[in-house]
Amino acid sequence: MSEETKALNFIEHIIEEDLANGLAKDKLRFRFPPEPNGYLHIGHTKAIGISFGLGETYNAPVNLRFDDTNPSKEEQEYVDAIKKDIAWLGYQWENELYSSDYFQKLYDWAIQMIKDGKAYVDSQTSEEIAEQKGTPTQVGKNSPYRDRSIEENLDLFTRMKAGEFPAGTHILRAKIDMESPNMLMRDPMMYRIMFEHHHRTGDDWCIYPMYDWTHGESDYIEQISHSLCSLEFKPHRDLYDWFKENVHVYAKDEFPMMPKQREFARLNLSYTIMSKRKLLRLVEDKFVSGWDDPRMPTISGLRRRGYTPNSIRQFIKKVGVAKRENVIDVSLLEFCIREDLNKSANRVMAVLDPIKVVITNYPEDKEEWLDAENNQEDATSGFRKVPFSREIYIEKDDFKEEAGSKYFRLKLGGEVRLKNAYIIKANSVVKDENGEITEIHCTYDEDTSKKVKGTLHWVSIKHAIEAEIREYDRLFMHESPDSDKDKDFMELLNPKSLTVKTAYLEPSLADVKVGEQFQFQRLGYFNVDNDSKAEKLVFNKTVGLRDSWEKIKPKPQNNQTQNKPQQQQQKRPALSVIQQLGKKYTNLPEEKQAKSKAEIQTLANDVAYDDLEPLFGTAVKKAGTRIATLIALKVLLKNGLERNETINEFIEKAKEDKNELLVAEASEI
RNA sequence: UGGCCCAUGGUGUAACUGGCAACACAUCUGUUUUUGGUACAGAAGAGUCUAGGUUCGAAACCUAGUGGGCCAACCA
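Computed from a predicted structure; not experimentally measured.

### Things to note about the side chain of Asp-18
Its place among the elements puts Asp-18 in helix α1 (residues 10-20). Of the polar contacts made by the side chain of Asp-18, one reaches the side chain of Lys-260; its length is 2.9 Å. In this view, Asp-18 contacts Leu-23, His-226 and Lys-260; residues no more than four positions away in its chain are not counted.

### Re helix α2 (residues 42-58)
The end-to-end C-alpha separation of α2 is 24 Å, in line with the 24 Å expected for 17 residues at 1.5 Å each. Of all 17 residues in α2, 15 are buried, a share of seventy percent or more.

### Quick notes on the side chain of Arg-31
Within the secondary structure, Arg-31 is located in strand β1 (residues 30-32). The buried charged residue Arg-31 lacks any salt bridge partner; its closest oppositely charged side chain belongs to Asp-219, at an N-O distance of 4.1 Å. A distance of 3.1 Å separates a polar atom in the side chain of Arg-31 from a polar atom in the side chain of Ser-227. Excluding residues within four positions of it along the chain, Arg-31 makes contact with Ser-51, Val-62, Asn-63, Arg-65, His-215, Asp-219, Glu-222, Ile-224, Ser-227, Leu-228 and Cys-229.

### Comments concerning the packing of α2 against helix α11 (residues 309-319)
Following both chains from N to C, one finds α2 and α11 inclined at 85 degrees, their axes separated by 10 Å at the closest point. Classified by the interaxial angle, the pair formed by α2 and α11 is roughly perpendicular. Listed contacts from α11 to Ile-42, Thr-45, Lys-46, Gly-49 and Glu-56 of α2 are Ile-312, Arg-313, Phe-315, Ile-316 and Val-319. Classifying every residue of the contact of α2 with α11 gives 5 nonpolar, 2 polar and 3 charged.

### Concerning the pattern of salt bridges
Under the defined criterion, the tally for this structure stands at 42 salt bridges. As a salt-bridge pair, Asp-147 and Lys-175 come within 3.8 Å of each other at their nearest N and O atoms. Taken as a pair, Asp-147 in the loop between α5 (126-132) and α6 (150-162) and Lys-175 in the loop between β5 (171-174) and β6 (189-193) lie far apart in primary sequence, 28 residues in all. Judged by its relative accessible area of 25%, Lys-175 falls in the partly exposed class. Here Glu-468 makes a salt bridge to Lys-536, at a shortest N to O gap of 2.5 Å. Residue Glu-468 is located in strand β23 (residues 465-472), and its partner Lys-536 is located in the loop between β26 (524-528) and β27 (537-544); the two are separated by 68 residues in the primary sequence. Salt bridges sharing common partners tie together Asp-292, Arg-304, Glu-468, Arg-470, Asp-529, Asp-531 and Lys-536.

### Thoughts on unusual backbone geometry
The phi angle at Asn-59 is positive, at roughly 55 degrees, despite the residue not being glycine. Locating Asn-59 in the fold gives a position in the loop between α2 and β2 (62-66).

### A few points about the confidence of the model for chain A
On average, residues of chain A carry a pLDDT of 90, and 88% of them reach 70 or more. When the criterion is pLDDT under 50, residues 557-572 qualifies, and its contacts beyond four places in sequence or with other chains add up to 5 contacts.

### Comments concerning the packing of helix α7 (residues 211-222) against helix α8 (residues 236-251)
Taken N-terminus to C-terminus, the directions of α7 and α8 make an angle of 55 degrees; their axes are 9 Å apart at the nearest point. Overall, the two elements α7 and α8 adopt an arrangement that is oblique. The way α7 lies across α8 gives a crossing that is right-handed. Mapping the contact onto sequence places Tyr-211, Asp-212, Trp-213, His-215, Gly-216, Glu-217, Asp-219 and Tyr-220 in α7 and His-236, Leu-239, Tyr-240, Phe-243, Lys-244, Val-247, His-248 and Ala-251 in α8. For the contact of α7 with α8, the per-class residue count stands at 8 nonpolar, 4 polar and 4 charged.

### Quick look at the packing of aromatic side chains
Counted under the stated rule, the structure contains 26 aromatic pairs. Centroid distance Phe-388 to Tyr-422: 5.2 Å. Interplanar angle 75 degrees. Geometry classified as edge-to-face. Here Phe-388, found in strand β14 (residues 383-388), pairs with Tyr-422, found in the loop between β18 (415-418) and β19 (423-431); they are 34 residues apart in sequence, far enough to count as distant. We classify Phe-388 as buried; its relative accessible area is 0%. With a centroid separation of 4.7 Å and an interplanar angle of 45 degrees, the aromatic rings of Tyr-393 and Tyr-504 are classed as tilted. Of this pair, Tyr-393 sits in strand β15 (residues 391-395) while Tyr-504 sits in strand β24 (residues 498-505), placing them 111 residues apart in sequence. An aromatic cluster is built from Phe-103, Tyr-107, Phe-157, Tyr-191, Trp-205 and Tyr-208, whose rings are joined through pairwise contacts. Note that Arg-313 overlies the ring of Tyr-91, its terminal NZ or CZ placed 4.1 Å from the centroid.

### What to know about helix α3 (residues 76-89)
An ideal rise of 1.5 Å per residue puts 20 Å on 14 residues; α3 measures up with 20 Å between its terminal C-alpha atoms. Among the residues making up α3, those that are buried are Tyr-78, Val-79, Ala-81, Ile-82, Asp-85, Ile-86 and Leu-89. Residues of α3 that are buried make contact with β1, α2, β2, β3 (96-98), α10 (299-305) and α11. Two residues or fewer after α3 comes Gly-90, characterised by a positive phi angle close to 95 degrees.

### As for the environment of Asp-371
Within the secondary structure layout, Asp-371 lies in strand β13 (residues 368-373). A residue is classified by how much of its surface remains accessible, and Asp-371, at 47% relative accessible area, is partly exposed. The sequence separation of Asp-371 and Pro-387 amounts to 16 residues, and the corresponding C-alpha distance is 9.0 Å. With residues up to four places along the chain from it excluded, the contact list for Asp-371 reads Phe-383, Arg-384, Lys-385 and Asn-420.

### So, the environment of Arg-305
Position of Arg-305 relative to the elements: it lies in helix α10. When the C-alpha positions of Arg-305 and Tyr-240 are compared, they lie 39 Å apart, and in sequence the two are 65 residues distant. Not counting residues up to four positions away in its chain, the partners in contact with Arg-305 are Pro-294, Arg-295, Tyr-472, Asn-527, Asn-540, Lys-541 and Thr-542.

### Observations regarding the sheet that holds β6
One open sheet holds the 4 strands; their spatial order is β4-β5-β6-β7, and the pairing between them is antiparallel. Bordering the open sheet on either side are β4 (119-122) and β7 (207-209), each of which pairs with just one other strand. Each strand of the sheet is rotated relative to its neighbour by a mean of 20 degrees, with strand direction disregarded. One ladder, built from 4 bridges, connects β4 with β5; its direction is antiparallel. Across the sheet, Asp-122 pairs through a bridge with Ile-171, a residue of β5. Helix-sheet contacts for α6 involve β4, β5, β6 and β7, and the interaxial angle to β4 is about 65 degrees.

The rules we used
- Residues numbered from 1 in each chain as written.
- Chains lettered and ligands numbered in written order.
- Predicted model: local features only at pLDDT ≥ 70, side-chain atom pairs only at ≥ 80, totals over all residues.
- Heavy atoms only, no water.
- Helix = DSSP H or I, 4+ residues; strand = E, 2+ residues; numbered from the N terminus.
- Polar contact = N/O pair within 3.5 Å; in protein donor to acceptor, adjacent residues only side chain to side chain.
- Contact = heavy atoms within 4.5 Å.
- Expected span 1.5 Å × (residues − 1).
- Buried < 20%, exposed > 50% of the residue type's maximum accessible area, 1.4 Å probe, protein only.
- Lys, Arg positive; Asp, Glu negative; His and termini not counted.
- Salt bridge = Lys/Arg side-chain N within 4 Å of Asp/Glu carboxyl O.
- Axes fitted to C-alpha atoms, helices over the stretch in contact; angles between N-to-C directions.
- Parallel < 35°, antiparallel > 145°, perpendicular 65-115°, else oblique.
- Nonpolar A, V, L, I, M, F, W, Y, C, P; charged D, E, K, R; others polar.
- pLDDT = per-residue confidence, 0-100.
- Left-handed = near helix turned anticlockwise from the far one by under 90°.
- Phe/Tyr/Trp six-rings, centres within 6.5 Å; stacked < 30°, edge-to-face > 60°.
- Lys NZ or Arg CZ within 6 Å of the ring centre and 35° of its normal.
- Pairing = 2+ DSSP bridges.

Below, the structure written as structure tokens:
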């Protein structure tokens, strides 16, 4: 709605256009229609964000409607979980509704359609019906029951409802077109018989309406203006419209507006799966502790992991809305949570992988309580006291006996600052019989004004409290575990997705409460897990801090994920580099042109003629690419390639070009 | 043997009825910093899948091709 430079997505464009064409703004109405058969996940937040977000920007009502037409799968538990998650995200629905609220109305309309010859009862088996339906490339055949009389249809259908027939014996179908290229239009099913207890209507019904019939008409009854769903429902749109137009004839006074279905691409996140079925399997096979395991992409999992509603809403905003298949990099999600927590989380000190430091010139019985700032990003957050004493823990990673100048941390003979405390200098180490360092002996200096490169976090050993820390890595090793057709997704699981550690924390954390969030200084953001008790604290690592040291530090062993991108870059074929250089060629100043040219000439030595030839067909207007091709060609010729018809043609054509550089290059041959 | 949808830096999204391809993340440089964080400043990276066409001018419009996705549950 904002009047400023708007970068609207295609759905907003549609709405703006409808508004411009006379749709009253107060007629805008949206809905989010989950089926209560599972937990909501990060993929759903996109749909939620779109519809509820539209409601917020246009100040329009958004209904939460449970699409509960299949009692065999749906449960109240899921209804409750879904409501909780949406509310937690901070969205408010106008009405809490259920498709099952409309069962009677739907039934009445179905009767009307039978009377108008638009629906009929089919009494074949599901196999027979499936066979007659044809395939995407083959048309279907009419059912032998397609031309039953209206009376017979009415009789059968009312008896279906009355429970006179066993499940599977009859269905109600819309009479549309068995030869439609759209399979959904080949006399789709409207009702099936199901003797199942429904979580809301109990045993009132034994026939239940199908999705297409129910969903569209629910939108219609609620007078939804824009019904937004994901791409796979695109083919359903024809049917959505067909049902809608037919019912409109019966109800246009009561329900004047015809809703409009539009489809967007669903969200995919790298290294994670979104299928409810597969997520369920992770739960059932006990690979995770439950739907809310912090590694799960469910909303409840993210919540337990420490993701905030705000961070998720930001994420959805940044992800955008379009119709293109996409895979969002998890780093974007991580950026969003860091951005949020950076402002709000208090900083504390915790050592996850301890090594003991003895400050030899600090008196044994002395202790001091030093001031520590809670959050420098938040002026109101204040200070707390942290205890300092002769023996402290620092991270193992923060000490090396010897290290280069790029290592800012503690090394023998070197100095570092202890955050909120003194500057220490490492003098010697104590080792055990295996040569493992057990203690680092340091001396401290009370002058804290000195400039030192590194600052370490630490914890006084005698004041430290222990806690369990759960660190998480991605659940899958594969970038898109959902789409690998050769492998079952369970094979792609990361066996090291959970690491449990015992950490030492500063004592101010003694009475934290479940859900509280902190930044463990220099390590990352952590929250107090549901399992945490006063006697045994448990923290989850929400996300690490950005770590530029991690990227540059010398790596002891090959890390697969780190090496992969580099390999790809090295493998980049010479020809594609030449093409790229060519693209920019004509825009470069002369000296850079010369440089590019030299580079192309070098690269050309690694190019085979067969690979180069296709470039001769480059569009005329892409002069740069043609120049690069020409330069490379000249190298090949010089290396002994024989001229042929194609080559001559290419050169002649170049000579006639309007681009002078190209002509010049061509003339040199 | 079909129908529909999609194609813009590594990733994701923009570019209003054709007019210098922008923003975010990621990457890389610096500066500041008692977090190798944050903040700030900057850099690199795309002639918009290909080929034709329309036009003074095309990422956008048209045609064809290529590539990807979706469509055959008494699921939603």
